[in-house]
Amino acid sequence: MTAQIFTDWAQTHQIRIEKTLDHTLPAADLAPQQLHSAMRYSALGGGKRVRALLCYAAADLCNTELAVADAAASAVELIHAYSLVHDDMPCMDDDDLRRGKPSCHKQYDDATALLVGDALQSLAFECLAHPNLCKNASLQLQMLAILAQASGSLGMAGGQAIDLASVGKPLNQTELEAMHCLKTGALIQAAVLLGAVSGSVTQINALKVYAQNIGLAFQVVDDILDVEADSQTLGKTAGKDANSNKPTYVTILGLATAKMHAQQLYNNAIAAIAPFGDQALRLRELADYITQRRF
Ligand code: GRG
């Protein structure tokens, strides 16, 4: 049997997560209609679904049941969508454009955007708390803890707090890295670890190293694209970080060294999953995709 090519595999799983989220999100005509419509506006029909793909690829490697992977991928994408909605609000990054369309608070209003983020976050945990999800209750509790830690004050929300406090401050590379490990890296790591929940200790330890490196590489590439790509290609405002006086990999390292750093992180990620050989094909391809992406 010839192996499915990466783009086909990715598209199949992007459609799969879209359908799963469509079923998971409350219908737009269910009261309160505006909130439900805004939740669907923010979580459906956009995004590269990188976190879901990482989750499915790790699940495949670790023989995690597909239904568990669906719930985990949905939960991570819902947390991600909530973070983008809140991040775009005037009190945070204040951005009018997200995934090629008006940000949630622009399309609706600030109060709705706040509630959308809150409700998407709750829904993410509901996905993992479903009574019939896992035969092994302890494993299911572990999944809830992984997501809670990754999204909380010692994870994504904490990283966002450090980011907001660092505007105009001269961070060094170590401080920048520590911030991004939380802000972007924690949820990417959670995506991989939730997919890998049925894996062996050896698999999980190797995947953690893979995820840490690929999470940082994702952010370095994001900073490079912020400088090199245009808003239409990105579907969000290009040049935002540089213009808002935020420290980035490009401002700290310069463009050429930032690119070399992304390559080094990619190499580390690939080395971590080398022992799995062909079984880690999708994870390798995802590392390629993350470091070579153009948007
Ligand atoms: C509001 C608690 C809270 C956290 C916000 C992740 C985050 C923290 C803010 C997003 C700001 C940002 C643009 C960070 C750069 C990396 C990143 C997460 C980019 C967006 O992720 P993609 O490219 O988006 O995977 P899509 O639209 O493809 O899903």
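Structure: above.
Residues numbered from 1 in each chain as written. Predicted model: local features only at pLDDT ≥ 70, side-chain atom pairs only at ≥ 80, totals over all residues. Heavy atoms only, no water.

A.B. asks: Is there a simple way to explain the site of the ligand in this structure?
C.D. replies: In the region of the ligand, 20 residues are neighbours, and K48, R51, H80, R99 and D222 sit closest. At a separation of 2.7 Å, an oxygen atom of the ligand approaches a polar side-chain atom of R51. Between the ligand and R99, the relevant distance is 2.8 Å, taken from an oxygen atom to a side-chain nitrogen or oxygen of the residue. Within the complex, the protein chains bury 92% of what would otherwise be the 700 Å² of accessible surface of the ligand. For the shell around the ligand, the secondary-structure elements that each account for two or more residues are helix 4 (66-87), helix 8 (156-165), helix 9 (173-195) and helix 10 (201-228). Among the elements that make up the shell around the ligand, the one with the highest residue count is helix 4 (six residues). Looking at the shell around the ligand, its residues break down into six nonpolar, seven polar and seven charged. (Near = heavy atom within 4 Å. Polar contact = N/O pair within 3.5 Å; in protein donor to acceptor, adjacent residues only side chain to side chain. Areas by Shrake-Rupley, 256 points an atom, 1.4 Å probe, with all protein chains shown as cover. Helix = DSSP H or I, 4+ residues; strand = E, 2+ residues; numbered from the N terminus. Nonpolar A, V, L, I, M, F, W, Y, C, P; charged D, E, K, R; others polar.)

A.B. asks: Got a minute to help me understand helix 9 in this structure?
C.D. replies: Every α-helical turn comprises 3.6 residues, leaving residues that sit three or four positions apart pointing alike. Where helix 9 bends most, at G185, the angle is about 55°. Two to three positions downstream of the cap, the backbone nitrogen of T174 sits 3.0 Å from a side-chain oxygen, assigning the N-cap of helix 9 to N172. (Bend = angle between axes of the 7 residues up to and from the residue.)

A.B. asks: Before we go on, may I ask you to explain the pattern of salt bridges in this structure?
C.D. replies: A side chain with one charge may pair with a side chain of the opposite charge, provided their charged atoms come close. The tally for this structure, following the rule as stated, stands at 11 salt bridges. Taking the shortest distance from any N to any O, the salt bridge between R16 and D70 comes out at 2.7 Å. Of this pair, R16 sits in helix 1 (residues 6-24) while D70 sits in helix 4, placing them 54 residues apart in sequence. For R16, a relative accessible area of 31% puts it in the partly exposed group. Given the relative accessible area of 12%, D70 is considered buried. Salt-bridge contacts for R49 lead to E18; the nearest nitrogen and oxygen are separated by 2.9 Å. With R49 in the loop between helix 2 (33-43) and helix 3 (50-61) and E18 in helix 1, this pair connects stretches of sequence that are 31 residues apart. Members of the salt-bridge network, linked through shared partners, are E18, R49 and E77. (Salt bridge = Lys/Arg side-chain N within 4 Å of Asp/Glu carboxyl O. Buried < 20%, exposed > 50% of the residue type's maximum accessible area, 1.4 Å probe, protein only.)

A.B. asks: Any chance you could explain the environment of D109 here in plain terms?
C.D. replies: Tracing the backbone through its elements, the reader meets D109 in the loop between helix 5 (104-107) and helix 6 (110-129). The partly exposed category is assigned to D109, whose relative accessible area is 33%. With 71 residues separating them along the chain, D109 and A38 place their C-alpha atoms 9.7 Å apart. For D109, the contacting residues outside a window of four places in its chain are Q34 and C104. Among the polar contacts listed, one links the side chain of D109 to the side chain of T112, at a separation of 2.7 Å. (Contact = heavy atoms within 4.5 Å.)

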